[in-house]
Every structure is written in structure tokens, then in C-alpha cells.
Amino acid sequence: MTSNTDNIEENDLVLRLKQGQEWAFNILVNKYQNMLLKIAYGITLDREESLEIVQDVFVSVYKNIKTFRQDASLSGWLRKITINTCLNWKRKWKRRFRWSHQSIEAKDETKLLRGSKDDKNPETIYREKQFEQLVMSNIKKLPEKIRVVFVLNTLEGLSYDEIARHLNIKKGTVSSRLHHARKLLLESIKD
Amino acid sequence: MKKTCTTYDKKIISEFVDNELSSEENKKISEHIKTCPICKNISEEYIQMSNAFVQRTSIEVEKINTGSLGENVLKQIKRKENGFSKKVFDYFSPKLYLKIASLVAIMVVSLIYFQAQPVNIIGPSAIVNSVDGNASSIMILETEKSKHTIIWFSET
């Protein structure tokens, strides 16, 4: 029932977007900005870049909404544009030697332990925070292809089939990349 | 203490964590994990890493100031649209229009000038002599500039 309503709302939104209604565009931005920012941040690990990417994504959506055939969901279409924009963005910055910088805070946190969920004293909270930062700094080192799959699986909760469809790769490749991502992360965290 | 499990590899544990196994396989691994500290530890580490990533990403995304995102996007779109229409306008602006008009005028004048010039056809200017017989015809011609003689013979 909810999904039908959502679908009708989405169809209506797309129709209004195609008609160039500005308020519909504002609804689109409010509805999807968080989802797209998470994907962009997951891939770029940079807040400013994520915001600029998402801004570019919405501009692109505005320009190309008439070509959206609605055989896929709007969120899926937006997700695809965001991934492509992120990857192009990354290539652009790579050329300018700015991408693979290391954060200063990440350097000395390689021997940290994780705290248990049951015991949330200040030390545990601190350790959890450090662990999060450690994971983030190592995610930065993951190869692009592997990171994108990890982002879609972890942040978006997409199934292997959905990721495979999004990235036009085989389901087995998705599984291998995820396994590889986890293996690399675990190895680098434990080093 | 041994570090690897001989029953299941880490890839299967990764798929288990993602709930990508069949219900039968899922059940088997769930049972296995109860008795295998290695696989239990790996699955927990995988989950913790994912949770940490989700958690940190959410925190970082919340810090992003999205207050004027929609407004900025619309501004950017309008700027681009204005840029495009300006380009179109500039294309037909009086200045450019004059440029195009003058170019067309030059082309027309050149065309008229060249059309007025006699066409220089390389070839004979005059038939010097010609003889028509029953079996053949002969024509003697002379070129205009070099004064070469051409004898043209044709069997009828």
C-alpha cells in the first residue's frame, strides 16, 4: 500500500519535474539530498566535494529529467547519476593530484581496539570513535571499484543483484569485491 | 590458536553477513558460528566495520550544510540557462548580424564579379578548315594561345 502510494507520488513528482515546476524540484532536492550525500561522501570521503557533487547531480537531473523513462525507480536513477558524477569527479581531482591525500588524524590510530556495545563508558565511546576513524581512513585506501560496491552495500543496503544491475557487473563480481573490501579493511586495521 | 577455519572461507562469511546465502546455507553457517570462534569473530568484525562506516558517514553528512542546496542548484541552473540564451542572443546580436551581412555581401559581389568574367575554355578558337567525305570527315583546328594545329578525323 505504502509502496503504491510512493510510486504514485514519484510518478506525479516526475511529471511535474518534466513540466519544469520549480517547487517540484525543491521537493526532489529535500527528499533525496541526504541519500545522495551519503553515497557521495562514502565514495569521496570529503564533505565539500560531496555537496558540490550532489549539487551537480541535481543540475544534471533538472536538465535530463525529460529523458528519464521511468522504467527504473527515480531513486535508482539518481543513485546512478551520483555514482557516475563521483567517479568522474574523482578522476578530475586525481589529475590535479588532490585526491589521495591522507588525513593527519588517521596516521597514529592503527593499534586501536573496539569497545563492546554493552559497555558505553567514556573510554569505550572514545575507542569506538577512534575505530570509526580508523575504518574511514582505510576505506580511503580501497580501490575505487571496490569502494563503490562497499558503499552501495553498506550505506544503501542494496542486495548483490541490485548492485550488479546498477554497476553493470556480475553478481559474483559484487560478492568478490565485497569480500576483497572487507579483507583489505581488516588487514589494514589490524596492521 | 589457528587463525583460519577449515570448514568455511571468509567469502562465505561475507555473503552470510550480507544475507545473500540461501536459507539452507544461512542456517548451516548460523549453526557453525555458534561453535566456531574464528568465523564468529570474522562475522562480528565485518559487521562492526560496516556499522562504523555507516555511523561515521551519517555523522559527517549531518555536518554538511544543506540549507541552501536547492536554492543553489536552481541558481546554477538559471545561470546556465541565461548563459545559453545569452549565447543564442549574442549569435544574433546586431554586431554579429552586421558581420554576417557583410560576409554575405562580399560573397554575392565576388560571385557576380566572377560570373561576369568570360569563361576561359582551353581549346581551339577556330576551325581552319574542314572536309566532309562519304567515308570520313576531317577538321583542322587551331588553339587560341599556343597556335597548335589539331587534326580531327572521324569515320562516318
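None of the values given here were measured: they were computed from a predicted structure.

1. Side note on the nonpolar core
Consideration 1: Of all hydrophobic cores here, the largest spans 75 residues; its most connected members are Phe25(A), Leu28(A), Phe58(A), Leu74(A) and Phe53(B).
Consideration 2: Sorting elements by how many residues they give to this core places helix α2 (residues 22-44) of chain A first, with 12 residues.
Consideration 3: Not counting chain neighbours up to four residues away, the residues in contact with Leu28(A) comprise Leu13(A), Leu17(A), Gln33(A), Phe58(A), Val61(A), Leu74(A) and Leu78(A).

2. Some words on the interface of chain B and chain A
Consideration 1: Listed as interface residues are 37 residues of chain B and, on the opposing side, 47 residues of chain A.
Consideration 2: For the pair chain B and chain A, the two sides together bury roughly 3,900 Å², of which 65% comes from carbon and sulfur.
Consideration 3: Its largest share of buried area at the contact with chain A, chain B owes to Met49(B), Phe53(B) and Arg56(B), together 19% of the area lost on that side.
Consideration 4: Inspection of the chain B/chain A interface yields 5 salt bridges.
Consideration 5: Two residues, Asp18(B) and Arg182(A), come together in a salt bridge whose shortest N-O distance is 2.8 Å.
Consideration 6: At the level of elements, α1 (10-17), α3 (37-62) and α4 (69-91) of chain B are the ones that each hand at least two residues to the side of chain B that touches chain A.
Consideration 7: For the side of chain B that touches chain A, the leading source of residues is α3(B), giving 16 residues.
Consideration 8: Split into classes, the residues belonging to the side of chain B that touches chain A amount to 13 nonpolar, 12 polar and 12 charged.

3. Examining the confidence of the model for chain B
Residues and elements named next belong to chain B.
Consideration 1: Confidence in the prediction for chain B averages 81 pLDDT; 83% of positions are at 70 or higher.
Consideration 2: The element-level mean pLDDT for chain B is lowest in α4, coming to 72, with α1 highest at 94.
Consideration 3: As scored by the predictor, the complex reaches a pTM of 0.67 and an ipTM of 0.78.

4. Some details on the pairing of strand β3 (residues 149-155) of chain B
Residue and element names in this part refer to chain B.
Consideration 1: Burial within β3 is sparse, with just 0 of its 7 residues counted as buried.
Consideration 2: Where strand β2 (residues 136-143) meets β3, 7 bridges bridge the pair, whose relative direction is antiparallel. Residue pairing in the sheet places Glu 142 in a bridge with Thr 149 of β3.
Consideration 3: Remark: 5 residues form the turn of the hairpin made by β2 and β3, two consecutive strands paired antiparallel; Lys 147 in that turn has positive phi of roughly 55°.

5. A word on the pattern of salt bridges
Consideration 1: Here the structure, examined in full by the defined rule, presents 14 salt bridges over all chains.
Consideration 2: For the salt bridge of Glu22(A) with Lys78(B), the shortest nitrogen-to-oxygen distance reads 3.0 Å. Residue Glu22(A) is located in helix α2, and its partner Lys78(B) is located in helix α4; the two belong to separate chains.

6. Observations regarding helix α7 (residues 160-167) of chain A
All names here are of chain A.
Consideration 1: For α7, the complete set of buried residues consists of Tyr 160, Ile 163, Ala 164 and His 166. In an axial view of α7, the angular spread of the buried residues amounts to 165°, which keeps them on one side of the axis.
Consideration 2: Asn 168 sits one or two residues past α7 and shows a positive phi near 60°.

Rules of the game
- Residues numbered from 1 in each chain as written.
- Chains lettered and ligands numbered in written order.
- Predicted model: local features only at pLDDT ≥ 70, side-chain atom pairs only at ≥ 80, totals over all residues.
- Heavy atoms only, no water.
- Core = buried A, V, L, I, M, F, W, Y, C linked by side-chain atoms within 4.5 Å.
- Buried < 20%, exposed > 50% of the residue type's maximum accessible area, 1.4 Å probe, protein only.
- Helix = DSSP H or I, 4+ residues; strand = E, 2+ residues; numbered from the N terminus.
- Contact = heavy atoms within 4.5 Å.
- Buried area = accessible area lost by both parts, 1.4 Å probe.
- Salt bridge = Lys/Arg side-chain N within 4 Å of Asp/Glu carboxyl O.
- Nonpolar A, V, L, I, M, F, W, Y, C, P; charged D, E, K, R; others polar.
- pLDDT = per-residue confidence, 0-100.
- Pairing = 2+ DSSP bridges.
- Arc of directions from axis to C-beta.

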